[in-house]
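# A look at the structure
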Amino acid sequence: MAVAAMAGGVDSLSDRAAKMKEALLKSQTITENVVSILGSFDSRLSVLETAMRPTQIRTHAIRKAHENIDKTLKAAEVLLAEFDVSRQAEAQILRGPHEDLESYLEAIEQLRKNIRFFSSNKSFKSGDAVLTNANNLLAKAISKLEDEFKQLLASYSKPVEPDRLFECLPESMRPSAGSPANHGDPNGLGPHSHNHSEQQNSNAEAASFKPLVLIPPRTVPLLHDLAVHMVQAGHQQQLLKTYRDTRSSVLEESLRKLGVERLSKEDVQKMQWEVLEAKIGNWIHFMRIAVKVLFAGERRLCDQIFDGFDSLRDQCFAESTGNNVSMLLSFGEAITKSKRSPEKLFVLLDMYEIMRELHSEIESVFGGKVCAEIRESTFGLTKRLAQTAQETFGDFEEAVEKDATKTAVLDGTVHPLTSYVINYVKFLFDYQSTLNQLFQEFETGGETVSQLATVTMRIMQALQTNLDGKSRQYKDQALTHLFLMNNIHYMVRSVRRSEAKDLLGDDWVQRHRRVVQQHANQYKRTGWGKILQCLSAQGLTSSGGSSSAPVFCRFKVFNTQFEELHQKQSQWTVPDTELRESLRLAVAEVLLPAYRSFVKRFGPLVESGKNPQKYIKYSAEDLERMLGEFFEGKTLNEPRR
């Protein structure tokens, strides 16, 4: 059965194979027929393509011709449009910029575009002629722009009145028209005084200044646009000259209206001190106003008009302000070159202060390489002011030590030199931070506080040396010591009540208080030693008879000497109340007990004789009362209290 099954399967496969062979033969026949048909089509299409080729060539040529015609028409349209715009721009330019400046500027820009267009289209037959005409027209247009820039700048550039400058100051710095200091001062700035405050200066640095508007804001963009076109046309030098000539003269007139003047060393040397001091005070205000208001406003104007042209911007600003800065600085330079004197030290410090205060503004406003010379001139003045102030310090110290004034202080009171020097030193301490800065200008080592202390000590020592010399003018040794006591006490008291105490230290104060006490003791010894000898019992006896004569003589000599002392020393002066009372008390403490003891011992002997009141003229109470009249500085004709 298995074999039969296998035989059946083989027969079935044979049948299938036969059928497949038959099908393949039919498919091959069909394929050959299709190939034959397609070959026939290809032959016919080849014939057709050959027939159509001339037509295709003509059609392509026509299409290309149309494209060229379109391109030519478009090019002609562009060219005609450029001509049309050029005619419009020319018409606008010929009308000038006065009627419509913005349209005029647009016309120039359009003309530049035309020039670029024809420059890049050289194939146009009349291109050279068109370019020549356009460039000539542009040159005329720029020339008119220069005139317009000059006219526009000049018409809006007016000198700034002082009141407008003052309005830009912080409220605390504005001059008060009704203040007494303004009499005779048209600017109302008032003369300089020594009411100096470093706090005021720090406030000045922190205070807010209103920006000064030099040209109306609506005009500035027009000037900027004009400047842009002039720069693009290569007219920077003409632009620079126009701006410099116009703005420089306006700034100069603004400063002159404020009160600024160019002064030489000779001009300064001829001035009375009060006039010069007032001018220095005004100059300090002028510097602050000029740098923080006027020149700062000019810098902003330059930045706006020449925005985008840094080099030209800085050059215009430097050349418009340079001479005006020089005029301002000329006064400071004249001061540094003029003859030095002690009273100039404080105004020199004030001038140095304002230059230090303005240092950062000067670096900012006069920034850039082109303004380097201006910066150097201002910083150079700062250095010279510091140098002159330091030299004046040295002059003052030497002048104090060598002062040879013959001003006689007959009553032994505080000498004018002493009060002058002490006030001078007090004023120095109003300038502590300024002095510290000044010392740093020249010192490379050491603390500035100790430098100021050293300078102050040297001045005080110079004063003492001079006072020692002046004290030798007195023939009365008691008055010599009273004079030195008064003056050194004045120095000590003034130091104790001022900032000088912190600088000189307690050691200095205590050391000089001991000197005061030494002179007080020396006064008592030299002034009262002789009269106290009269009250000594040595060589006297209280018994009667001829041996009592020396007692009477002693009383008589005492009366005469005391009356002389009273007459003389009541004209002497101890101006300090506390010192005066302590000195009287010191005298009373040695005189009155001695007198009471002498009277108690020898008084009965005198009382038993003739005219005792002739010898015992005064009670101890009388002497005490009369001592109360000592050191009052009375004149001879003043009645006794």
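Residues numbered from 1 in each chain as written. Predicted model: local features only at pLDDT ≥ 70, side-chain atom pairs only at ≥ 80, totals over all residues. Heavy atoms only, no water.

As annotated in an unreviewed UniProt entry, the protein carries the name Exocyst subunit Exo70 family protein and comes from Linum tenue. Looking at the Sequence similarities (unreviewed entry) heading of the UniProt record, one finds this comment for the protein: "Belongs to the EXO70 family." The UniProt entry for the protein carries the following text under Function (unreviewed entry): "Component of the exocyst complex." (UniProt positions renumbered as here; feature names shortened; annotations may be inferred.)

### Things to note about the packing of aromatic side chains
Summed over the entire model, instances satisfying the criterion amount to 23 aromatic pairs. Seen in terms of ring centroids, Tyr243 and Phe306 are 5.2 Å apart; in terms of plane orientation they differ by 75 degrees. Their pairing is edge-to-face. Of the two residues, Tyr243 sits in helix H7 (residues 236-258) while Phe306 sits in the loop between helix H9 (273-305) and helix H10 (310-337), which places them 63 residues apart along the sequence. Overall, Tyr243 belongs to the buried group, its relative accessible area being 0%. Ring pairing ties together the aromatic residues Tyr523, Trp528, Phe558, Phe562, Tyr595, Tyr618, Phe630 and Phe631, which thus form one cluster. A cation over an aromatic ring shows up here: Arg299 above the ring of Phe317, its NZ or CZ 4.3 Å from the ring centre. (Phe/Tyr/Trp six-rings, centres within 6.5 Å; stacked < 30°, edge-to-face > 60°. Helix = DSSP H or I, 4+ residues; strand = E, 2+ residues; numbered from the N terminus. Buried < 20%, exposed > 50% of the residue type's maximum accessible area, 1.4 Å probe, protein only. Lys NZ or Arg CZ within 6 Å of the ring centre and 35° of its normal.)

### Quick notes on the pattern of salt bridges
Under the criterion given, the structure shown has 31 salt bridges. Residues Glu252 and Arg256 are paired through a salt bridge, measuring 3.1 Å at the closest nitrogen-oxygen approach. One end of the pair is Glu252 and the other is Arg256, both in helix H7 and four residues apart, which spans about a single turn. You can call Arg256 partly exposed: its relative accessible area is 39%. Note that Asp310 and Arg313 form a salt bridge whose closest N and O atoms lie 3.4 Å from each other. With Asp310 and Arg313 both in helix H10 and three residues apart, this pair spans about one turn of that helix. For Asp310, a relative accessible area of 47% translates into the label partly exposed. Each of the salt bridges in this network shares a partner with another, and the network as a whole consists of Arg299, Asp303, Asp310, Arg313 and Asp314. (Salt bridge = Lys/Arg side-chain N within 4 Å of Asp/Glu carboxyl O.)

### Remarks on the nonpolar core
Core analysis: the largest hydrophobic core is formed by 158 residues, its most contacted members being Phe149, Trp283, Phe306, Trp528 and Phe562. Broken down by element, this core gets its largest block of residues, 16 residues, from H9. Residues within four places of Trp528 in sequence aside, it is in contact with Tyr523, Phe562, Leu565, Gln569, Val587, Leu591, Leu627 and Phe630. (Core = buried A, V, L, I, M, F, W, Y, C linked by side-chain atoms within 4.5 Å. Contact = heavy atoms within 4.5 Å.)

### A look at helix H14 (residues 416-428)
Compared with an ideal rise of 1.5 Å per residue, which puts 13 residues at 18 Å, H14 spans 18 Å between its outermost C-alpha atoms and is within 8% of the ideal. What H14 keeps buried is the set Leu417, Thr418, Val421, Ile422, Tyr424, Val425 and Leu428. The buried residues of H14 occupy an angular sector of 155 degrees when the element is viewed end-on, so they sit on one face. (Expected span 1.5 Å × (residues − 1). Arc of directions from axis to C-beta.)

### What to know about helix H20 (residues 577-607)
Given a rise of 1.5 Å per residue, 31 residues ought to cover 45 Å, yet the end C-alpha atoms of H20 are separated by just 39 Å, more than 12% below that figure. Of all the bends in H20, the largest measures some 45 degrees and sits at Arg601, one to four residues before the proline Pro604. One side-chain oxygen of the residue at the start of H20 lies 3.3 Å from the amide nitrogen of Glu578, identifying that residue as Asp576. (Bend = angle between axes of the 7 residues up to and from the residue. Polar contact = N/O pair within 3.5 Å; in protein donor to acceptor, adjacent residues only side chain to side chain.)

### Considering the side chain of Thr392
Checked against the element boundaries, Thr392 lands in helix H13 (residues 372-402). Polar contacts involving the side chain of Thr392 include one to the main-chain carbonyl oxygen of Thr388, which spans 2.7 Å. The residues contacting Thr392, other than those within four sequence positions of it, are Arg340, Ser341, Pro342, Leu345 and Leu348.

### Things to note about the side chain of Lys292
Turning to its location among the elements, Lys292 is positioned in helix H9. Taking relative accessible area as the criterion, Lys292 reaches 10% and is therefore assigned buried. Polar side-chain contacts of Lys292 include one of 3.2 Å to the side chain of Glu357.

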